[in-house]
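This is what each chain is made of:
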Amino acid sequence: MSHACIEWISGPVLRARASGPFALREALHVGPDRLLGEVVSLHDDLLVAQVYEDTTGLRPGDAVVGGGLPLSIRLGPGLLGGIFDGLLRPLQGIDSAFVAAGMGNAAKSRHDFRPMVRVGQLLEPGSEFGRVAGAREHRCLVPPGRSGQVLRIAAAGEYAEDEVLCVLRDAVGREHELAIGEVWPVRLPRPAAQRLPSDTPLVTGQRVIDALFPVALGGKAAIPGGFGTGKTVLLEALVKACAADVIVYLGCGERGNEMAGAVEEIAELVDARSGRPMSERTVIVANTSNMPVAAREASIYCAVTIAEYFRDQGLHVALMADSTSRWAEALREVSGRLGELPGEGGYPAYLGSRLAEFYERAARVRTLGGDLGSVTLIGSVSPQSGDFSEPVTSHTTRYVRSFWALDVTRARARFYPAIAPLGSYSQDAEKVASWWSGVFAEALGAVAAGDADWQALRRRFLTLLAEQTRLERMARIVGKDALQPQQRLTLLCAEVINEAFLRQSAYSPKDAYCGPQRQARMMRLLGRFMDRAEAALARGASPEAVAALPVLRPLQRMGDEVGENQVDALVALEAALEEDFATLGKEVGDAA
Amino acid sequence: MRPRLMVENAAYRLEGPLLFLHRSVEVGYNEAVEVVGSDGGARLGRVAAVDLDTLSIELLESSSGLGLAETRVRFVGEPLRFGLGPGLLGRILDGVGRPLDGGPPLAVERRLRIDGLPLNPVARATPRDFIETGISAIDLMNSLVRGQKLPLFSGPGLPHDRLAVAIARHARLRGAGAGEDFAIVFAGIGVAHDTADFFRRSLEQSGALSRSVLFLNLAGDASAQRLLTPRFALTAAEYLAFSCGKHVLVIMTDMTNYCEALREVAGAKGEVPGRKGFPGYMYSDLASLYERAGCLRGAPGTLTQLPILTMPLDDIGHPVPDLSGYITEGQIVLSRALDRSGIEPPIDVLPSLSRLMKGGIGEGYTDADHPALSSQLYAAYARAVQARLLASVVGEDGLAETDRRYLEFGARFERELIHQGESRTLEASMAVGWALLRRLPAGELTRLSDAQIAVHLGAAR
Ligand SMILES: Nc1ncnc2c1ncn2[C@@H]1O[C@H](COP(=O)(O)OP(=O)(O)O)[C@@H](O)[C@H]1O
Ligand SMILES: [Mg+2]
């Protein structure tokens, strides 16, 4: 432990004279309240540090103590179900309604431990040395960088998460003490044995995402959008329903009420797949917009470290970060206080590389222990004035594979989710195509001749939606009346796709979640509608006659009206569709 | 060094709002000071930086008239606090809480930090109590709930003050809590004298002055003080809400003046300017104000914010509305076009939003069909505005029949629903909404269920 003495303080930045060695990025305790801080630069015996908490009252002469480690957090099974601040201190169980500086660390949780090794056994990083009972059995793994022969292993029993339960001696005779939990420096990615390609999507239950712009397990996605376009609600919908084993939800510089709401809702939800309370699979990290800015910068690293930790358990983890822009702004603010040269938009020149490093931590991997796990990263971006050319958005587009651009016009019409089909993309779509073929086969049976599969339908939807934009632009010049019947039909079909498929309210009891099979059925039904409509047009029916078919209304409302397993209702709808077109066909025939 | 309260002859430099002193006392960062000039006037300040030999003080009020020679500095030894106690309601105070009404000094029961402390998100209770404001565009389309922060985004010359007063007057719960009145905290930030007077008189006329407290930083007052006014006002509001258990409505106007003062002070301190000259930390700074709203678990009082800001050049992308919108729980946007066509209040519902609406309306809260009605009206009005755009280019004749129906709907929506002479109950607002939808073909109403159409629109079909 090294000591230093404050010589200058202003805001979250201080200078101190050291009387012992300090390292760059070393974590610090500052002043009488032992506020958390970090060394940001060293010059002879003078160090500059940033403090993560309110520094009011700190004065020259106050002590700065180094812990010898970079900013690190304690990882363990006790994280699940918790809500923490940006430095991973628990927000539950505080007496006061307000958060003051100098908050304590988590009380150490206790767990039922069962040893899985014997003395003398040789363990590698990632080897399991014990298990902890709980909602989900937790495996105690040898942390990265440690290995050796078991010298000592604790008997079964209840232990605190930091008690030494296993001691290893490695090849050079060094001893390693292992506990249920482990401490890891947040800025260092946790190693894996191998990065693997991914061909399975993270099922989100959002049609526009899963069916049009999927993200693969281990993928990375961004949700850019101006205020009020639906970033938070969409992320929360994913937190609540996406098919991951563990969710880390990071509220980074956003609203306190939203975090409170999320906690409340998650507490009431049950995971349909496991039958367990949803809170058991969720870790919430909250640095709300009025909490200290410096901690905001650190919070994103805490969150992704937690995600990697559970990945190493052989789990699929999704991290939702709302909003990465607030993190970038915190970076800018701290950089400004340190007197660094500002780059584009005032952000430091290293903004791009920091974003790249963060998104690089998304991966599907073979873990050190040989399991398959993944971390999927999904971050919202809050561009100023909703202008996507600003630095955070433009850098982010370079590193993500799925891009869900929110559109203010859709949001203003209360058309949610407001993901713009034109501005969005997914580079994972090709990779997950065969997974989708499997779903189609399961939901709809063998593919009949002429029936399109997922990839063809997806392409058809996207082409149609692009065509809609082009035609609407044209109509603005020549008037809708002047469009050809074929073009008017295209507009009608696009509207049906929008209403029936893309619109999906996060608050609809039946439609908040839409499983892949229902998505497949809806896609097939809409494909059928387009086929029939085009055939009718070819036989002389007008687009207006198609628009007047009674089936159109139930078709456009099928998301709201037909719930998850009501296959019959969709079959009935298809029958009604065929009947309507048959009738229309007859009318056209009679007229001719 | 011996701790001393009052320091003389230590000042050696004065630069904008920053006063530099040789250090002869133990002081901590951000502690409050009082700077007394040769003119005898006391100004609030805070320790902005401190090292072994010197310290700098940021003056939080005007530095004009200060010199170096006879300047004395009194150190408080703690951050800036506001002493509050019973008898607060009914008072008129200046921008830093000193009586302007000739009344006695404020009673002090508690001394609270004006910066407040961040509310623990876990201690918050979800705001769910629908407030009827009497304004259809709000009640029906963008409902306000107790504990929400919902700003008015306005423009110079638009009737935002009238709207704020109308809301403050009518604001009430429905059903059981209907009898309870809000305590009103008004913060005038750099407002003209007649604006301040308008609010005072309006509160007086409606008998609300006795349950209000006014903080006035007028246009002529020092701009640096504008950074303190909302903090003093919110500290008072938190005291009323969380210490006295009252339901408090805070009206802050004009947040644009606040931001301009922030820019001015940042510039004077030589900080690197960000977008449009505003400092890069404006988001966090505004959040430290706007986030001071909400409901606490198990606490009787609540704090609702209704900030007003004027968008420079009516530009919603300007940093002040833009950053505000990213923090607040929605926004009510006033439109110059609607104002010109005589719609009062001229609320443009499309860019308006209430993020907490969903938790306070619908079954068990307002009316089971409230959410669907609002959503359908939104969809239809958005279509109408699109049709209007189309018509402005190709003429009404170039429109399809459906689009013409929408055009008519849009005009009526503005004249009959948005425009209103008097306050309306939510039921009255909903009735207008249903009546408007009757004019559209049923096939268009995809946001309503068959049952909703049958019950509410059946008669017309
Ligand atoms: N998927 C959705 N379903 C229903 N309503 C939504 C959806 N997305 C957004 N909304 C509505 O829009 C409002 C703003 O969304 P939010 O996610 O908070 O925006 P942002 O985070 O982009 O500022 C919400 O309060 C909600 O009323
Ligand atoms: Mg948001």
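Predicted model only: the values in this text are computed from it and were never measured.

It is worth spelling out the domain arrangement of chain B at this point. Residue and element names in this part refer to chain B. According to the domain assignment, chain B consists of domain 1 (5-79), domain 2 (82-358) and domain 3 (370-460). Listed as interface residues are 24 residues of domain 2 and, on the opposing side, 23 residues of domain 3. A salt bridge links Arg174 to Glu427, with the shortest nitrogen-to-oxygen separation between them at 3.2 Å. In this structure, the connection of domain 2 to domain 3 is made through 15 residue pairs in polar contact (both at pLDDT 80 or more). Every element with two or more residues in the side of domain 2 that touches domain 3 is listed here: β12 (130-132), α1 (136-139) and β22 (347-354). The element contributing the most residues to the side of domain 2 that touches domain 3 is β22, with five residues. Per-class residue counts for the side of domain 2 that touches domain 3 are twelve nonpolar, seven polar and five charged.

On to the environment of Pro127 of chain B. By the element assignment, Pro127 of chain B lies in the loop between β11 (124-125) and β12. Between the C-alpha atom of Pro127 of chain B and that of Leu356 of chain B, which follows or precedes it by 229 residues, the distance is 7.3 Å.

All names here are of chain A. Domain parsing of chain A yields domain 1 (3-71), domain 2 (110-183), domain 3 (194-428) and domain 4 (437-591). Taking the mean C-alpha position of each, domain 1 and domain 3 sit 31 Å from one another. Contacts between the two partners involve eleven residues from domain 1, matched on the other side by nine residues from domain 3. When the two sides are added together, the surface that domain 1 and domain 3 hide from each other amounts to roughly 740 Å², 68% of it contributed by carbon and sulfur. Three residues stand out in domain 1 for area buried against domain 3, namely Val13, Gln50 and Tyr52, and they jointly supply 52% of the buried area on that side. For the interface between domain 1 and domain 3, the tally reads zero salt bridges.

What follows concerns the interface of chain A and chain B. Between chain A and chain B, the contact holds 72 residues from the first and 80 residues from the second. Approximately 6,100 Å² of surface area, both sides summed, lies buried where chain A meets chain B, with 52% of it carried by carbon and sulfur atoms. Our count for the chain A to chain B interface comes out at five salt bridges. For the salt bridge of Glu264 of chain A with Arg128 of chain B, the shortest nitrogen-to-oxygen distance reads 3.9 Å.

As a further point, take the pattern of salt bridges. Taken as a whole and judged by the stated rule, the model has 84 salt bridges over all chains. The shortest N-O distance in the salt bridge between Arg255 of chain A and Glu258 of chain A comes to 2.7 Å. Assigned by exposure class, Arg255 of chain A and Glu258 of chain A land together as buried. Of the charged contacts, one joins Asp450 of chain B and Arg553 of chain A as a salt bridge, the two residues approaching to 2.7 Å between their closest N and O atoms. Taken as a pair, Asp450 of chain B in helix α13 (residues 450-457) and Arg553 of chain A in helix α14 (residues 552-556) lie in two separate chains rather than in one. With relative accessibility at 53%, the residue Asp450 of chain B sits in the exposed group.

Scoring rules and cut-offs
- Residues numbered from 1 in each chain as written.
- Chains lettered and ligands numbered in written order.
- Predicted model: local features only at pLDDT ≥ 70, side-chain atom pairs only at ≥ 80, totals over all residues.
- Heavy atoms only, no water.
- Domains from an automatic or database assignment.
- Contact = heavy atoms within 4.5 Å.
- Salt bridge = Lys/Arg side-chain N within 4 Å of Asp/Glu carboxyl O.
- Polar contact = N/O pair within 3.5 Å; in protein donor to acceptor, adjacent residues only side chain to side chain.
- Helix = DSSP H or I, 4+ residues; strand = E, 2+ residues; numbered from the N terminus.
- Nonpolar A, V, L, I, M, F, W, Y, C, P; charged D, E, K, R; others polar.
- Buried area = accessible area lost by both parts, 1.4 Å probe.
- Buried < 20%, exposed > 50% of the residue type's maximum accessible area, 1.4 Å probe, protein only.

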